[in-house]
Amino acid sequence: MTLYVNQLDGAAPLTGPPPAGTGVAVWSLDTTREAIGGHEAGGARAVLDAAERERAERLLRPADRRSYLASHLGLRVLLGGYLGLPPEEVALVREDCPGCGGPHGRPAVAGGAVHFSLSHSDDIAYFAFSGVPVGVDVEGIPRASAVTDVLSSLHPAEAGEITALPEAERQAALARVWARKEACLKGTGVGVAFGLAEPYVGSDPAPAPVPGWTLRDLPAPAGYAAAVAVRLPA
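Model, not experiment: these values are computed from the prediction. (Residues numbered from 1 in each chain as written. Predicted model: local features only at pLDDT ≥ 70, side-chain atom pairs only at ≥ 80, totals over all residues. Heavy atoms only, no water.)

Chemist: Just checking my understanding: could you explain the sheet that holds strand β11 (residues 224–231) for this structure?
Modeler: To summarise the sheet geometry, strands pair through backbone hydrogen bonds and adopt either a parallel or an antiparallel arrangement. What the three strands build is an open sheet, ordered β9-β11-β10; its pairing is antiparallel. The sheet is open, and its two edges are formed by β9 (134–140) and β10 (213–218), each paired on a single side. Taking the axes of each pair of neighbouring strands and ignoring which way they run, one obtains an average angle of 15° across the sheet. Note that β10 and β11 share six bridges and pair antiparallel. Opposite leucine 218, over in β11, you have alanine 226 as the bridge partner. (Pairing = 2+ DSSP bridges. Helix = DSSP H or I, 4+ residues; strand = E, 2+ residues; numbered from the N terminus. Axes fitted to C-alpha atoms, helices over the stretch in contact; angles between N-to-C directions.)

Chemist: Could you clarify how one ought to interpret helix α6 (residues 167–188) in this entry?
Modeler: An α-helical turn contains 3.6 residues, so a residue and the one three or four places further along point in the same direction. Given a rise of 1.5 Å per residue, 22 residues ought to cover 32 Å, and the 33 Å separating the end C-alpha atoms of α6 matches this to within 8%. Those residues of α6 that fall on the buried side of the exposure criterion are Ala173, Leu174, Ala175, Val177, Ala179, Arg180, Lys181, Glu182, Ala183, Cys184, Leu185 and Gly187. Note on α6: the residue one or two positions beyond its end, glycine 189, has a positive phi of about 90°. (Expected span 1.5 Å × (residues − 1). Buried < 20%, exposed > 50% of the residue type's maximum accessible area, 1.4 Å probe, protein only.)

Chemist: Even after reading the chapter, I still don't get the packing of aromatic side chains, so can you show me in this structure?
Modeler: Here the distance between the centres and the angle between the planes together describe a pair of aromatic rings. In the structure shown here, the tally under the stated rule is one aromatic pair. When the centroid spacing of 5.0 Å and the interplanar angle of 50° are considered together, the rings of tyrosine 82 and phenylalanine 129 count as tilted. Here phenylalanine 129 lies in strand β8 (residues 124–130) and tyrosine 82 lies in helix α3 (residues 62–83), a separation of 47 residues in the sequence. In this structure phenylalanine 129 comes out as buried when scored by relative accessible area, which is 0%. (Phe/Tyr/Trp six-rings, centres within 6.5 Å; stacked < 30°, edge-to-face > 60°.)

Chemist: Would you mind showing me how to read the packing of helix α5 (residues 156–164) against α6 here?
Modeler: Closest axis-to-axis distance for the α5/α6 pair is 9 Å, and the angle between their directions is 155°. Taken together, α5 and α6 sit at an angle that is classed as roughly antiparallel. Crossing handedness for the pair α5 and α6: right-handed. Across from Glu158, Ile162 and Thr163 in α5, the residues of α6 making contact are Arg170, Ala173, Leu174, Val177 and Lys181. Taken together, the residues that form the contact of α5 with α6 break down as four nonpolar, one polar and three charged. (Parallel < 35°, antiparallel > 145°, perpendicular 65-115°, else oblique. Left-handed = near helix turned anticlockwise from the far one by under 90°. Contact = heavy atoms within 4.5 Å. Nonpolar A, V, L, I, M, F, W, Y, C, P; charged D, E, K, R; others polar.)

Chemist: For this particular structure, what's the right way to read the packing of helix α2 (residues 50–57) against α3?
Modeler: How two helices sit against one another is set out by the angle between their axes and by the gap between those axes. Contact geometry of α2 with α3 gives a least axis separation of 9 Å together with a crossing angle of 160°. It follows that α2 is roughly antiparallel to α3 by the angle criterion. With respect to the hand of their crossing, α2 and α3 are arranged in right-handed fashion. Between α2, through Glu52, Arg55, Ala56 and Glu57, and α3, the contact on the second element is made entirely by Arg65, Tyr68, Leu69, His72 and Arg76. Class assignment for the residues of the contact of α2 with α3 results in three nonpolar, one polar and five charged.

Chemist: Explain the nonpolar core here, please?
Modeler: Taken as a class, soluble globular proteins show a tendency for nonpolar side chains to be buried jointly. The biggest cluster of nonpolar side chains holds 27 residues, and the ones touching the most others in it are Trp27, Ile36, Leu75, Leu79, Phe127 and Phe129. Listed by contribution, the elements that provide at least two residues to this core are β2 (24–30), α1 (44–47), α3, β7 (115–121) and β8. Of all the elements, α3 adds the most residues to this core, at nine residues. Not counting residues within four places of it along the chain, the set of residues in contact with leucine 75 comprises Phe116, Leu118, Phe127 and Phe129. Grouped together as the second largest cluster of nonpolar side chains are 18 residues, Ala159, Ala173, Leu174 and Cys184 included. (Core = buried A, V, L, I, M, F, W, Y, C linked by side-chain atoms within 4.5 Å.)

In structure tokens:
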């Protein structure tokens, strides 16, 4: 699976048809843009639904609120392009959680015409779209202190791999691991509720195989790591 990250800018995106089967399309967005996909970022609230607006208002930091509004505007613009709908008419729902059955599983489009995943970190957002469940994640390179704090939460083999690296390489390795795990967990809809030990994704420059999924690292700006996971046919 060769991956290219499309850039969502101020113009309306040329999405084409939605990806079919295990095909995947990945986009990125600078959430500080004033125009996103032909819409003014300042008007994002008018495009989002009530649940999205409520979530945005609960964010205390203005930067977090701006990033949330911009990334969700970008998501709706792209989904609208794939579905042939105005972005405000895209109906978003939550699937049942595979862990407890509650209504807080993977975000989805009503009717399931296309699967998607969204991740944002600081001023960067990534989006992935596929014909099957998909997860995407982007992570900023963490501080050195975070490596020690997080190691015990990882798979023991991953913790050992990172510890064995020169100290200057550990932060980037942790970012790779974290992005890969989050991509897989978003794809399943489980999230981090059951911890970060599984699945084992490895810290090497290429991810380890994950049964049932195709996992790949994505190109990312300096200071970030990103990955996408696509479910394989049963």
